Amino acid sequence: MAAPDNEKSRLDDAARAGWLYFIAGHTQDEIAKMLQVSRASAQRLVSLCLAERLITFRLEHPIAACMELASRLKDRFDLVHCDVVPTDPAAPLSNAGIAERSANLLELTLRSETPVIVALGTGRAVRAAVERVSPIERPDHQIVSLVGNISADGSASFYDTVGRLADRTGARHYPMPLPFLMSSEDERNRMIRIDPIARVRAVAAKADLRLIGIGQMDQKAQVHVDGFVTREELLEMMRLGAVGEVTGWAYDAKGKLIKGGTNKRLTSIPPQIPAVSTTIAAAVGVAKVPSIRAALAGRVINGLITDEATARAVLDR
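Residues numbered from 1 in each chain as written. Predicted model: local features only at pLDDT ≥ 70, side-chain atom pairs only at ≥ 80, totals over all residues. Heavy atoms only, no water.

A. A look at the overall build of the chain. In terms of regular secondary structure, the chain is built from 13 helices and 10 strands. Scaling as 2.2 N^0.38, a compact globule of 317 residues should have a C-alpha radius of gyration of about 20 Å, whereas the chain reaches 25 Å, well beyond that. Buried positions account for 47% of the 317 residues belonging to the chain. With the model as given, the accessible surface of the chain reaches about 16000 Å², and the carbon-plus-sulfur share is 52%. Treating the 40 positive side-chain charges of the chain as one cloud and the 37 negative ones as another, the clouds have centres 4 Å apart. (Helix = DSSP H or I, 4+ residues; strand = E, 2+ residues; numbered from the N terminus. Rg over C-alpha atoms; globule rule 2.2 N^0.38 Å. Buried < 20%, exposed > 50% of the residue type's maximum accessible area, 1.4 Å probe, protein only. Areas by Shrake-Rupley, 256 points an atom, 1.4 Å probe, with all protein chains shown as cover. Lys, Arg positive; Asp, Glu negative; His and termini not counted. Charge placed at Lys NZ, Arg CZ, Asp CG, Glu CD.)

B. The arrangement of the pairing of strand β9 (residues 278-282) in detail. Of all five residues in β9, four are buried, a share of seventy percent or more. Pairing of strand β5 (residues 209-213) with β9 involves five bridges; the strand directions are parallel. Residue pairing in the sheet places Arg 210 in a bridge with Thr 279 of β9. Looking at chain direction, β9 and strand β10 (residues 303-307) are connected through three bridges and run parallel. Note that in β10 the partner of Ile 280 across the bridge is Gly 303. Viewed along the sheet, the connection from β9 through helix α12 (residues 289-297) into β10 turns out right-handed. (Pairing = 2+ DSSP bridges. Right-handed = clockwise from strand over helix to strand, strands pointing away.)

C. Inspection of empty space enclosed by the protein at higher detail. Scanning the model with the defined rule gives two cavities of 30 Å³ or more in all. Its volume calculated, the largest cavity comes out at about 80 Å³. Taken together, 13 residues line the largest cavity, and the ones lying closest to its centre are Met 217, Val 223, Val 229, Gly 248 and Thr 262. Looking at side-chain class alone, the lining of the largest cavity contains nine nonpolar, two polar and two charged residues. Of the volumes computed, that of the second largest cavity is approximately 70 Å³. Taken together, Leu 146, Arg 210, Ile 212, Val 246, Thr 247, Ile 269, Pro 270, Pro 271, Gln 272, Thr 279 and Val 300 make up the lining of the second largest cavity. (1 Å grid on protein atoms, 1.4 Å probe; cavity = no way out; pocket = protein on both sides within 12 Å on 5 of 7 lines; lining within 4 Å. Points joined across faces, edges and corners; volume = space filled by probe spheres on them. Nonpolar A, V, L, I, M, F, W, Y, C, P; charged D, E, K, R; others polar.)

D. Fine view of the packing of α12 against helix α13 (residues 308-315). Contact geometry of α12 with α13 gives a least axis separation of 9 Å together with a crossing angle of 60°. With respect to α13, the element α12 is oriented oblique. Handedness of the α12/α13 crossing: right-handed. Here α12 contributes Val 289, Ile 292, Arg 293 and Leu 296 to the contact with α13, which in turn contributes Thr 310, Ala 313 and Val 314. Split into classes, the residues belonging to the contact of α12 with α13 amount to five nonpolar, one polar and one charged. (Axes fitted to C-alpha atoms, helices over the stretch in contact; angles between N-to-C directions. Parallel < 35°, antiparallel > 145°, perpendicular 65-115°, else oblique. Left-handed = near helix turned anticlockwise from the far one by under 90°. Contact = heavy atoms within 4.5 Å.)

This is how it looks when you write it as structure tokens:
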């Protein structure tokens, strides 16, 4: 009958060691002296305390709610990556938080000694992320654009990101020197078959990481505000059922690409659906919730970086 008493005594010691370590903040050396055991024994007791769940934790910090939301999003949409940052009450549409997390993701990818290919979309969040990337010399990496970087008036897009990231890494980079939209489907098909453009598209197809934005498809759609599509083109896409876009490719509420409209003349590299390579969208704002939800449901993306308010709205169904 001694075994149960010995086991109880051992658990008592484990609970005592756990309290001293996690609550009172003592080191394992100090705990060993207090319990009159070796340091190795003190370490084993602390580990036993955790293994037997004699002590549990609740993180009293705003980031705890973000971590819980990220976990729920990953589970519901089977994501390979998800980050949720706190919402700034003073600036609920600020992309500073998601830009910082996106920059961390880029830096983690770029630290690889093995050559990697990073494909980038355009937009405010992606541009802000690239601006936050610390310089690192990686000449063996490749940076490639997913989007034509010429606006309707012939000017280069302000939100082009490939050249900027290449400056910070010394990586070889591949811009997409095409208008965002061509005048016809035939012209678009001819242009993307031009050898230099075909080579860029081939590099993008092998990307290890795709970092993109998500655009809403309403009167305040970024592709319209930034001058890439006209109001008439936007309204046509909305009539066809578009609720969101990634790299210009409009999709419906189920995440299926729209078959007509501007999609027929778009030079951007189409998304893989379902996403195969790591395809992470950085997006924030309640107005983008239908776009984000559709992209997740349709597997247009398999990763998301967003803020707490947006995450809650996406999950609230």
